[in-house]
Amino acid sequence: MARVTLDTLRKEFDRGTIVAVDDLDLEIEDGEFVTVVGPSGCGKTTTLRMVAGLEEPTSGAVRFDDEDVTEVHAKERPVAMVFQNYALYPHKTVMENMAFGLKMSTDMTEDERRERVTEMAEMMGIEDLLDDKPDELSGGQKQRVALGRAIAREPEVFLFDEPLSNLDAKLRTEMRAEIQKLQKEFGVTAMYVTHDQEEAMTMGDRLAILNDGKLQQVGKPTEVYENPVNEFVAGFIGSPSMNFVDVTVETDGSSATIRNDDVGLAFELSDEYVAGHALENAPYTLGIRPENIRIVEEPTGDETLASTVEVVEPIGSDNYVHLAVNDDFLARSPPDVKPEAGDEVGVVFEEESIHLFDAETGEDVF
Ligand code: ATP
């Protein structure tokens, strides 16, 4: 096992015109599972490849425990990588595929390799497939083989690059649980890259959120969900996404109102809220999650705002109610709150659920 440290890690491409990873600082504790998440092109894969030794940093360092491995060749690093496309050799059997890494990285005899692979295959429930070729396997089986091959090498660090993207939703859920179980069982430090925020929320001990090559926030999934540091993280983490409205705050220091006259939003904050937050007379972006919006089917006029229902999507456990606020504004309502398209409804925000972001920088203000 190893603690992995990324120290001001930077990767530029095309003579510095592309900054794929922008001075990233991140520490993954011994045995910890950290998920790196962000939109396409934010630098996730490049970061992972630098940890694996497959990409040379422009500057900065990668350390395993206290050892600087920045100059250490990929083959010499105690890491195993699992990819989206499985990276299995098509002409080799499952046994040969799983044994190949051991042949390259250890001095085990053939018998020892067979024994280790059989043991891993039993653990992964793929012992009946050892004589098959990858072509004969389903996507889930291929990924189990790739995982088994990675574990067989007894790495200190596990690196996952979107390993579940090619699997269907049900299998993905199953494999998520399986990967976490294996990681904990073997106590291997893991770095897991995904663009899927839901996967990130369910998998990591901590999440590291990247955007545009820059680290935005690191924290436990619930911390990040509840206290996003900026508008980007707030909008990226959570499904369906947080709703945003431009607002202005009018305050005299002891009372305050949040307003947006275009959408008819007027929201008086409580004295306690005003006392606890250094609000200014300024523009902000208000954020509220769909699950924190209450729909009142028979409005009294005392609600935060009035709106028209555009579409209602039942999802079984709840209803998604799309409202005519800005382009779209989504409320997640319990099954018994089911207005119809065209209905005029009241919309209530509770002040403990709102987020206010600086209108210019997007930083979370409170
Ligand atoms: P995705 O989820 O789409 O794989 P990512 O977050 O993994 O995206 P990277 O693949 O790390 O992102 O790419 C980050 C940026 O660096 C992108 O703008 C990409 O086009 C660029 N990039 C990556 N590899 C190279 C390369 N070899 N040469 C030039 N630019 C590159």
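An unreviewed UniProt entry annotates the protein as ABC-type D-xylose/L-arabinose transporter of Halorubrum salipaludis. What UniProt records for the protein under Sequence similarities (unreviewed entry) is the sentence "Belongs to the ABC transporter superfamily. Carbohydrate uptake transporter-1 (CUT1) (TC 3.A.1.1) family." What UniProt states about the protein under its Function (unreviewed entry) heading is, verbatim, "Part of the ABC transporter complex XacGHIJK involved in the uptake of xylose and arabinose. Responsible for energy coupling to the transport system."

On to unusual backbone geometry, then. Note the cis peptide between Ser239 and Pro240, where omega equals -5 degrees. Among the secondary structure elements, Pro240 is positioned in the loop between helix 8 (231–236) and strand 11 (243–251). Its identity is not glycine, yet Asp23 carries a phi of approximately 50 degrees, on the positive side. If you trace the backbone, Asp23 turns up in strand 2 (residues 18–28). A tally of 16 C-beta atoms within 10 Å means that Asp23 is categorised as partly exposed. A positive phi angle, near 50 degrees, is found at Asn326, a position not held by glycine. With respect to the helices and strands, the residue Asn326 is situated in the loop between strand 17 (319–323) and strand 18 (329–333).

The subject of this paragraph is the UniProt feature "domain: ABC transporter" (unreviewed entry) in the protein. As annotated in UniProt, the feature "domain: ABC transporter" (unreviewed entry) corresponds to residues 4–237 in the numbering used here. As annotated, residues 4–237 comprises 37% helix and 26% strand, and the C-alpha atoms at either end are separated by 24 Å.

With that out of the way, let us pick up the sheet that holds strand 16 (residues 305–314). Taken in spatial order, the five strands make up an open sheet running 15-19-16-17-18, and their pairing is antiparallel. For this open sheet the edge positions go to strand 15 (293–296) and strand 18, each flanked by a neighbour on one side alone. Between one strand axis and the next, the sheet turns through 45 degrees on average, direction left out of account. Two strands pair when backbone bridges link them, and strand 16 and strand 17 are joined in this way by five bridges, in the antiparallel orientation. Among the inter-strand pairings, Val311 is bridged to a residue of strand 17, identified as His322.

Mapped onto the secondary structure, Glu76 falls in the loop between strand 5 (67–68) and strand 6 (79–83). What makes Glu76 exposed here is the crowd of 11 C-beta atoms within 10 Å. A C-alpha to C-alpha distance of 8.9 Å links Glu76 and Gly53, two positions 23 residues apart in sequence.

Before going further, it helps to examine the confidence of the model for the protein. Residues at a pLDDT of 70 or more form 100% of the protein, whose mean pLDDT is 92. Both scores are given for the predicted complex: the pTM is 0.91, the ipTM 0.97.

With that settled, the discussion passes to the nonpolar core. Among the nonpolar cores identified, the biggest contains 88 residues, and Leu159, Met191 and Ile209 are the most heavily contacted of them. If one sorts the elements of this core by residue count, helix 4 (residues 139–152) sits on top with six residues. Taken domain by domain, this core gets at least three of its residues from each of domain 1 (4–236) and domain 2 (243–358). Aside from chain neighbours lying at most four places away, what touches Met191 is Val4, Ile28, Val34, Val36, Leu48, Val51 and Leu159.

What counts and how
- Residues numbered from 1 in each chain as written.
- Predicted model: local features only at pLDDT ≥ 70, side-chain atom pairs only at ≥ 80, totals over all residues.
- UniProt positions renumbered as here; feature names shortened; annotations may be inferred.
- Helix = DSSP H or I, 4+ residues; strand = E, 2+ residues; numbered from the N terminus.
- Buried ≥ 20, exposed ≤ 12 C-beta atoms within 10 Å, placed from the backbone.
- Pairing = 2+ DSSP bridges.
- Axes fitted to C-alpha atoms, helices over the stretch in contact; angles between N-to-C directions.
- pLDDT = per-residue confidence, 0-100.
- Core = buried A, V, L, I, M, F, W, Y, C linked by C-beta atoms within 7 Å.
- Domains from an automatic or database assignment.
- Contact = placed C-beta atoms within 7 Å.

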